[in-house]
Amino acid sequence: MFSSNTYIKRRQELAELVGNGIIILPGNIESPCNYPNNAYAPFRQDSSFLYYFGLQESGLTGIIDTESGEEWLLGDDVDVEDIVWYGSVPVISDLAASVGVRNYAPQAKVKDIVDKALKSHRTVHYLPPYRHDTMITLMDLLGIHPSQQKEKASLALIKAVVKMRSTKTPEEIEELERAAEIGYQMHTKAMRMVRPGRTEKYIAGHIDSVPLSLGSKVSFATIFSQHGEILHGMPSENVLEDGRLVLCDCGGETVNNYCSDHTRTIPVNGRYSTRQKEIYDIVAECHDLALDVAKPGVKYFDVHMAVCRRMTERLKALGLMTGDVDEAVAQGAHALFLPHGLGHMMGMDVHDMEGLGQIYVGFDEETRPRLDQFGTNCLRMGRRLEEGFVITDEPGIYFIPALIDDWHSKGHCKDFLNYEAIEKYKDFGGIRIEDDILITESGCRFLGDKRIPYLTEDVEKYMEENKE
């Protein structure tokens, strides 16, 4: 948790940006796994509530009156029976004081405050809910059915939160650097352990143990699979096979809930084959190209397209693509190999603020995404970069058999794709390289003091010298 002054200033700025009415920010409650008293652990607080109120306890609600400046923390104190099972916890008055909130009351007071605002015909601002318990709460408070809550969420509040959370402060960057260090330890653990005969789940379990042993958590469910062509391939009981690649996409989350997200593609036997190295080196070149192009004022959409053109040039040199490079990219031929965007916002969420609506987080009026073209319709980030933005740089090349067959049967982009040559790669899998980058005053840089090995020679050397 940061200083109370951080949260006080954030709430004041939010109130000024929204300008009218009251803002309600529900925190999360415990989520049962398979029966009420067996909740998913560790508890994860709502990120926007955390950003403005900084408190990890479940069952809290924050309210800000944008006009009077009055702020409330609502929640119920634990009783003696709770203390028997869970120990003593701070009372609501102490929690409120710790983040500079003067007014506090039991959770039931939320309805009184909201009812008073509605009777005075004041606007009640809320963010799009993503949990069903929050949807039920909002329905009880505002009479809005869950099916309508997303479309009726406050656009003014969404835009204010996106504006504030997009630009990271120095203390946030410090947390993101710590998250990157966790990511470094997770990925190098994988590189030390990968070898033929071990299962995907065995290694994934050890990867996940790294943040847990640091009192932290994973920032998302670890992706670890020899089927790298499956973009979000979960670890299975499959045994790692000599000669194959395994894709590892994972990250850690600090105790203050800032995330990292890195991807490496590792040779199971410790050595890339000639064919694997040819494809891998293209991805690595595209990964590094983003560092040269990304800077304040540049649209991330243009960085993405620069990567697509470079990838197309290199795949053309390998004989997998043909024709004019610019026209091939314009027609979306490259999306056969790269069906996703170059990256997304990073912060307290691994896909930062995605629940608020990607159209507001990754785009603006100037950079609306193109939704009618495969690949481009999956972009998560296209807006102009600003100093303090943290985004992922994650190019990949994937050979997805079902997609290849579908495009081939339809003759899709046949003037730019050498299907005869591509057929020979249908057993290849996929490669992705991902790092988190901070937009600086004049350019950008990777987050984290230690670089997870990613060039082929560096990965091979690390795996050779650091076996477990």
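Computed from a predicted model, the values in this text were never measured in an experiment.

Here we look at the overall build of the chain
Right, so step 1: Along its length, the chain carries 17 helices and 17 strands.
Right, so step 2: Taking 2.2 N^0.38 as the reference for a compact globule, 468 residues should give roughly 23 Å; the C-alpha atoms of the chain span a radius of gyration of 24 Å, in line with that estimate.
Right, so step 3: Seen through its principal axes, the chain has C-alpha atoms that stretch 70 × 50 × 40 Å.
Right, so step 4: Counting only residues that meet the buried cut, the chain has 54% of its 468 residues in that class.
Right, so step 5: Sequence separation of 24 or more characterises 73% of the internal contacts of the chain that already satisfy a separation of 6 or more.
Right, so step 6: Accessible area of the chain: about 20500 Å², with a carbon and sulfur share of 50%.
Right, so step 7: For the chain, the centre of its 50 positive side-chain charges and the centre of its 73 negative side-chain charges are spaced 2 Å apart.

Focus on the environment of Glu171
Right, so step 1: For Glu171, the position within the fold is in helix H9 (residues 170-193).
Right, so step 2: You can call Glu171 partly exposed: its relative accessible area is 26%.
Right, so step 3: Sequence-wise, Glu171 and Thr6 are 165 residues apart; in three dimensions their C-alpha atoms are separated by 9.7 Å.
Right, so step 4: Apart from residues lying up to four places away in sequence, Glu171 is in contact with Phe2, Thr6 and Arg10.

So, the pairing of strand E5 (residues 71-74)
Right, so step 1: Side chains Glu71 and Leu73 project from E5 onto one buried face, and the interleaved Trp72 and Leu74 project onto a second face that is buried too.
Right, so step 2: Of the strand pairs in this sheet, strand E4 (residues 61-65) and E5 are connected by four bridges, and their pairing is antiparallel. Its bridge partner lying in E5, Thr61 is registered against Leu74.
Right, so step 3: Between E4 and E5, which pair antiparallel and follow one another directly, the connecting turn spans five residues, one of which, Gly69, has a positive phi of 85°.
Right, so step 4: In the sheet, E5 pairs with strand E6 (residues 103-105) via three bridges, with the strands oriented parallel. When the bridges of E6 are listed, Leu73 appears paired with Tyr104.

Looking at the packing of aromatic side chains
Right, so step 1: Within the structure shown, the criterion is met by ten aromatic pairs.
Right, so step 2: Considering the side-chain rings of Tyr272 and Tyr280, the 4.9 Å spacing of their centres and the 50° angle between planes classify their relative orientation as tilted.
Right, so step 3: Judged by relative accessible area, Tyr272 falls into the buried class, the value being 8%.
Right, so step 4: Aromatic side chains Phe399 and Tyr425 sit 5.0 Å apart centroid to centroid with 20° between the ring planes, which places their arrangement in the stacked category. Of this pair, Phe399 sits in the loop between strand E14 (396-398) and helix H15 (401-410) while Tyr425 sits in the loop between helix H16 (419-423) and strand E15 (430-432); the two residues are 26 residues apart in sequence, bridging distant segments of the chain. Each member of the pair, Phe399 together with Tyr425, is buried.
Right, so step 5: Joined through ring pairs, the aromatic side chains of Phe337, Phe399, Tyr425 and Phe428 make up one cluster.
Right, so step 6: Note that Arg10 overlies the ring of Tyr51, its terminal NZ or CZ placed 3.8 Å from the centroid.
Right, so step 7: Lying across the ring of Tyr425, Arg275 places its NZ or CZ 4.8 Å from the centre.

Some thoughts on the sheet that holds strand E1 (residues 22-26)
Right, so step 1: Spatially, the five strands line up as an open sheet ordered E6-E5-E4-E1-E7, and their pairing is mixed. On the outer flanks of this sheet lie E6 and strand E7 (124-125), each paired with one strand and no other.
Right, so step 2: Inspection of the sheet shows E1 paired to E7 by two bridges, in the parallel sense. Pairing of Ile22 across the sheet is with Val124, part of E7.
Right, so step 3: Its contacts with the sheet put helix H5 (residues 109-119) on E1, E4, E5, E6 and E7, and the angle it makes with E1 is roughly 150°.

Here we look at the pattern of salt bridges
Right, so step 1: Going through the model one piece at a time under the given rule, you end up with 35 salt bridges.
Right, so step 2: Linking Glu71 and Arg11 is a salt bridge whose minimum nitrogen-to-oxygen distance equals 3.0 Å. Of this pair, Glu71 sits in strand E5 while Arg11 sits in helix H1 (residues 4-18), and the two are 60 residues apart along the sequence. Both residues of the pair, Glu71 and Arg11, count as buried.
Right, so step 3: Asp65 serves as the salt-bridge partner of Arg122, at 2.9 Å between the closest nitrogen and oxygen. Of the two residues, Arg122 is situated in the loop between H5 and E7 and Asp65 in strand E4; the sequence distance between them amounts to 57 residues.
Right, so step 4: Residues joined by salt bridges that share partners form a network here, namely Arg165, Lys168, Asp349 and Asp352.

Observations regarding the packing of H9 against helix H10 (residues 200-213)
Right, so step 1: Interaxial distance between H9 and H10 falls to 9 Å at its minimum, and their mutual angle equals 155°. Considered as vectors, H9 and H10 are oriented roughly antiparallel to each other. Crossing geometry of H9 relative to H10 is assigned as right-handed. Note on element contacts: H10 touches H9 through Tyr202, Ile203, His206, Ile207, Val210 and Pro211, opposite Ile182, Gln185, Met186, Lys189, Ala190 and Met193.

Description of the sheet that holds strand E16 (residues 435-439)
Right, so step 1: Here three strands make up an open sheet; going across it, the order is E13-E16-E17 and the pairing antiparallel. Every interior strand has two partners, whereas the edge strands, strand E13 (390-393) and strand E17 (444-446), have only one. Strand-to-strand twist across the sheet, computed as the mean angle between neighbouring axes with direction ignored, equals 35°.
Right, so step 2: As paired elements, E16 and E17 share three bridges and run antiparallel to each other. Note on E17: the bridge partner recorded for Leu438 is Arg445.

Topic: the environment of Ile223
Right, so step 1: With respect to the secondary-structure elements, Ile223 resides in strand E9 (residues 223-225).
Right, so step 2: Separated by 150 residues in sequence, Ile223 and Gln373 have C-alpha atoms that sit 27 Å apart.
Right, so step 3: Once residues within four sequence positions are removed from consideration, Ile223 is found in contact with Leu231, His232, Gly233, Met234, Leu247, Cys248, Asp249 and Arg432.

Reading the values: the criteria
Residues numbered from 1 in each chain as written. Predicted model: local features only at pLDDT ≥ 70, side-chain atom pairs only at ≥ 80, totals over all residues. Heavy atoms only, no water. Helix = DSSP H or I, 4+ residues; strand = E, 2+ residues; numbered from the N terminus. Rg over C-alpha atoms; globule rule 2.2 N^0.38 Å. Buried < 20%, exposed > 50% of the residue type's maximum accessible area, 1.4 Å probe, protein only. Contact = heavy atoms within 4.5 Å. Areas by Shrake-Rupley, 256 points an atom, 1.4 Å probe, with all protein chains shown as cover. Lys, Arg positive; Asp, Glu negative; His and termini not counted. Charge placed at Lys NZ, Arg CZ, Asp CG, Glu CD. Pairing = 2+ DSSP bridges. Phe/Tyr/Trp six-rings, centres within 6.5 Å; stacked < 30°, edge-to-face > 60°. Lys NZ or Arg CZ within 6 Å of the ring centre and 35° of its normal. Axes fitted to C-alpha atoms, helices over the stretch in contact; angles between N-to-C directions. Salt bridge = Lys/Arg side-chain N within 4 Å of Asp/Glu carboxyl O. Parallel < 35°, antiparallel > 145°, perpendicular 65-115°, else oblique. Left-handed = near helix turned anticlockwise from the far one by under 90°.

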